[in-house]
Amino acid sequence: MSPASTGASTSVGAVTTVPSSPSADSRMAPGGPGYRRMSLALFLAGVATFALLYSTQALLPLISGEFGVAASEASWTVAAATGGLALFVLPMSALSERYGRRAVMTVSLAVAVGVGLLVPFAPSLGALVVLRGVQGAALAGLPASATAYLAEEVRPKALITAIGLFVAGNSVGGMSGRVITGWVAQEWGWRIAVGVIGAVAVACAVAFRLLLPAPKHFTPGSLRPRVLVRTVRDHLADPLLRRLYAIGALFMTVFGGVYTVIGYRLTQEPFSLPQGVVGSIFLVYLVGTVSASTAGRLVGRLGRRGALYLAGGTTATGLLLSLADSLPLVLLGLVLITSGFFAGHAVASSAVSKTATTGRAQASALYQSAYYFGSSAGSTVGAMAFHAGGWAGTVGVGVLAVLGVVTITVFGTRAARLEARRGPLAAH
């Protein structure tokens, strides 16, 4: 598909040479050697990343109770982790350009699981927030390096499917982390619950390192600040990349706000659910696993912008349904929010990898930075809105974010049409 037809800009960098025939392409493809090991390894990395990153989210009511703080204060245990990741993802991506994707992912995951084993012993809310910030900063080496690894080691036609599987691992990690912590915390408290998640992450980290194939297409880059600044500037100058970054941030604002606050809503009237049942609500993440892994087919049928419209509409519908005081309708709303979010995220993140032909780690890092800043903003603003106006306040924040996604996508559609019209005129 040409840049004109996708709305992609060709100004990011030089075009990477692609082998003239599939038989000459040594990169991995479904059914080929190493593809299954790679897919499983990055799936497990995604599981560990999201399980650790959001390990306290389902436990916020219990953390509020132990430390005597409101939802807006307890939410910082989530916002600190996602904020730390957002701040450090770009420096980590630069290290991956120099020292290799696999090396950076391995070290990052090792540090994150080590901190995860310390989290249960936090003596105060302040100490817990600091540990969570360090953990998030360590995890910053995973997302951008993983997508850059895939862009280099997987054939282009299989890229969106491979990234979808990594995102699916994120959804499984987010789901399992919340479900496990919910039931464990109900019996033994939140500290034991986050300790169990740390142990699960250790197992995932070991399996990841044993399974991930050594890269064959990585070329070390430079750590010179000028090179990094120039690469970042070039990415930010690309209008398509800017739109994709904003879309990722806005989708995550919705998701972060909803899942930070939902535990408070369901443990209060009229639902009054126990902590274990609230944790089980996160089984709806399985829907995200499916929607993320099928994002490639969705783009094939509707195009990238059509898929984003559908994801945004699905998310907005779920938000409005969740306003009902009926548990089945709230659950249906969460299913739609989760499905729309993961589909939109998979589409946007894969588009970033395909658009950036040079400095892919930095391009992915900028997306991840915007994405996780959106998560931090959603967690904090969503909790504040809940404190001020109840669940309706949190939904209002989410609806505004979805409207932002739709507005940006409409603008991108018009820009692509204008570019297509200018093409024939330029030829004359």
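Please read these numbers as outputs of a predicted model, since none were measured by experiment.

Scoring rules and cut-offs
Residues numbered from 1 in each chain as written. Predicted model: local features only at pLDDT ≥ 70, side-chain atom pairs only at ≥ 80, totals over all residues. Heavy atoms only, no water. Helix = DSSP H or I, 4+ residues; strand = E, 2+ residues; numbered from the N terminus. Rg over C-alpha atoms; globule rule 2.2 N^0.38 Å. Buried < 20%, exposed > 50% of the residue type's maximum accessible area, 1.4 Å probe, protein only. Contact = heavy atoms within 4.5 Å. Areas by Shrake-Rupley, 256 points an atom, 1.4 Å probe, with all protein chains shown as cover. Lys, Arg positive; Asp, Glu negative; His and termini not counted. Charge placed at Lys NZ, Arg CZ, Asp CG, Glu CD. Expected span 1.5 Å × (residues − 1). Bend = angle between axes of the 7 residues up to and from the residue. Polar contact = N/O pair within 3.5 Å; in protein donor to acceptor, adjacent residues only side chain to side chain.

Enquirer: Just to check I follow, could you spell out the overall build of the chain for this structure?
Expert: The helix and strand tally for the chain stands at 18 helices and zero strands. The C-alpha atoms of the chain give 21 Å as radius of gyration, which agrees with the globular expectation for 428 residues (22 Å, within 12%). For the chain, the spread of C-alpha atoms along the three principal axes comes to 65 × 45 × 40 Å. Classification of the 428 residues of the chain by burial places 56% in the buried group. A sequence separation of at least 24 residues applies to 84% of the contacts in the chain between residues at least 6 apart. In the structure as shown, the chain presents an accessible area of about 16800 Å², 67% of it carried by carbon and sulfur atoms. Mean positive and mean negative side-chain charge positions of the chain (30 and 12 charges, respectively) differ by 12 Å.

Enquirer: What am I meant to see in the environment of Gly 398 here?
Expert: Structurally, Gly 398 is set in helix 18 (residues 391-427). Here Gly 398 falls in the buried class, since its relative accessible area comes to 3%. Each C-alpha atom, one on Gly 398 and one on Arg 233, is 30 Å from the other, the two residues being 165 residues apart in sequence. Apart from the residues within four sequence positions on either side, Gly 398 is in contact with Val 254 and Leu 319.

Enquirer: Explanation requested: helix 12 (residues 239-267) in the structure shown.
Expert: The terminal C-alpha atoms of helix 12 lie 44 Å apart, and with 29 residues this matches the ideal 42 Å at 1.5 Å per residue to within 8%. If you look at helix 12, its biggest bend is around 35°, right at Val 261. The buried fraction of helix 12 amounts to 24 of the 29 residues, a majority that puts the element mostly inside the structure. For helix 12, the capping residue at the N-terminal end is Asp 238, with a side-chain oxygen 2.9 Å from the backbone nitrogen of Leu 240.

Geometry only, nothing functional implied.
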